[in-house]
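Observations on the model geometry
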Amino acid sequence: MKKILITGGAGYIGSHTAVELWKAGMEPIILDDLSNSYASVIDRLEEITGKRFAFYQGDCNKKSLLKSIADKHKIEGVIHFAAFKAVGESTAQPLKYYRNNVGSLMVLLQFMQERGIRDLVFSSSCTVYGQPDVLPVTESTPRKEAESPYGNTKKICEDILIDYVKSKPGIRVISLRYFNPIGAHSSAKIGELPIGTPNNLVPFITQVAAGIREKLTVFGDDYDTVDGSCIRDYIHVMDLADAHVKALAFLNGQENNFYDVFNVGTGNGNTVLEVIHAFEKVSGVKLNYVIGPRRAGDVVKTWADTTKINTVLGWHPHYSLEDCMRDSWNWQKSLR
Ligand SMILES: NC(=O)c1ccc[n+]([C@@H]2O[C@H](COP(=O)([O-])OP(=O)(O)OC[C@H]3O[C@@H](n4cnc5c(N)ncnc54)[C@H](O)[C@@H]3O)[C@@H](O)[C@H]2O)c1
């Protein structure tokens, strides 16, 4: 069975991807320092898959640790999720973000080169597009100046990967630009577990519905959209996980150096108010929300053109917005 190293594999997207890799006949080897996740995720993964995945707690910036893992396991590919992702914190502590997000990629590439590991899937983000001038966003839509140090780390990492792949024979890399991952595994055993106040809409919604937070503020209802609230492309985390499986399979079929980038979204945008109403419909809970003023720096609308990933990787999303809301709500209820 092909062993795939997953940095950040105890985190939200990494843990769901571990399930999909296993289903596809690959064995995840998880490395996570648990700076934004819990060791219990590994138990939950065992409950879902029936398999105890190898887990190493530590920092992927440490090459000696990566090497010791590769001494024990024949690693044939890497998915690099490990990063810090809080946009606000990145503005207050930029060096923390550059060191972890950019530094870890460089250490990982050196390690892969030394060990002859060819394949890497990198977690990028639609944040690299900022507020696009034309919608939907294709992969050739120009990247905008980053709105935050976090966003800039993704742009810099993409640029490093382009240069690196050009320089090394046989290296094969895909950057996946995620739109807005939401939802949870249908078992409700794993899901998004933000530490502190959630930065993202859906965990905030489910925490308000669960009585953990008093109310949700919708930042603006006077934008140029169907109901005035901002639009995002929400993608179920299991669909996103599947995109990593497809990306690895595709890399495996490339003979030479390879680098490419793919959007991962549904191709549809939903407003904040549509998300709230979908949640109310599937949960039967009336959400306590208020309309507040616009929030500085918010992208008003963005959604993906997914033609490239549909045609080249043969990947298609299967979950609807209501599926996402149902799974997120079941996950939230399981936390009580
Ligand atoms: N969730 C989103 O909305 C979103 C959108 C676009 C891109 N991304 C990117 O996807 C990736 C995964 O995001 P997520 O939502 O699963 O985040 P997450 O915080 O749930 O997962 C990241 C994991 O990496 C671990 N980690 C961080 N630094 C580490 C280090 N140096 N060594 C080892 N482990 C480390 C954390 O403990 C955490 O478990 C990140 O690179 C993120 O920037 C996320």
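Remember, predicted model here, so these are calculated numbers, not experimental data. (Residues numbered from 1 in each chain as written. Predicted model: local features only at pLDDT ≥ 70, side-chain atom pairs only at ≥ 80, totals over all residues.)

Notes on the nonpolar core
- Grouped together as the largest cluster of nonpolar side chains are 93 residues, with contacts concentrated most on Ile 30, Val 78 and Val 264.
- Counting residues per element, this core draws most heavily on helix H8 (residues 237-252), at nine residues.
- Residues within four places of Ile 30 in sequence aside, it is in contact with Ile 6, Gly 9, Ala 10, Ala 18, Ile 42, Phe 53, Ala 54, Phe 55 and Tyr 56. (Core = buried A, V, L, I, M, F, W, Y, C linked by C-beta atoms within 7 Å. Buried ≥ 20, exposed ≤ 12 C-beta atoms within 10 Å, placed from the backbone. Helix = DSSP H or I, 4+ residues; strand = E, 2+ residues; numbered from the N terminus. Contact = placed C-beta atoms within 7 Å.)

Section: the packing of helix H3 (residues 63-72) against helix H5 (residues 94-115)
- One can describe the packing of H3 onto H5 by two numbers: an axis separation of 10 Å at closest approach and a directional angle of 40 degrees. Helix-helix and strand crossings are classified by hand; for H3 and H5 the assignment is right-handed. Where H3 abuts H5, its residues Lys 63, Leu 66, Lys 67 and Ala 70 lie against Val 107, Gln 110, Phe 111 and Arg 115. (Axes fitted to C-alpha atoms, helices over the stretch in contact; angles between N-to-C directions. Left-handed = near helix turned anticlockwise from the far one by under 90°.)

Looking at helix H2 (residues 40-49)
- Taken together, the buried positions of H2 are occupied by Val 41, Ile 42 and Leu 45. End-on, the buried residues of H2 take up no more than an arc of 100 degrees, which puts them together on one face. Those residues of H2 that are exposed and aimed more than 90 degrees away from the buried face are Ser 40 and Glu 47.
- Elements that come into contact with the buried residues of H2 comprise helix H1 (12-23), strand S2 (26-32) and strand S3 (54-57).
- Among the residues trailing H2, Gly 50 stands out with phi positive, at a value near 80 degrees. (Arc of directions from axis to C-beta.)

Quick word on the UniProt feature "domain: NAD(P)-binding" (unreviewed entry) in the protein chain
- Sites flagged by UniProt as "domain: NAD(P)-binding" (unreviewed entry) map to residues 5-327.
- The span residues 5-327 is 40% helical and 18% strand by assignment, and the distance between its end C-alpha atoms comes to 27 Å. (UniProt positions renumbered as here; feature names shortened; annotations may be inferred.)

Describing the environment of Lys 155
- Positionally, Lys 155 belongs in helix H6 (residues 149-167).
- Here the alpha-carbon distance between Lys 155 and Val 102, two residues 53 residues apart in the chain, equals 9.7 Å.
- Not counting residues up to four positions away in its chain, the partners in contact with Lys 155 are Val 128, Arg 143 and Ala 146.

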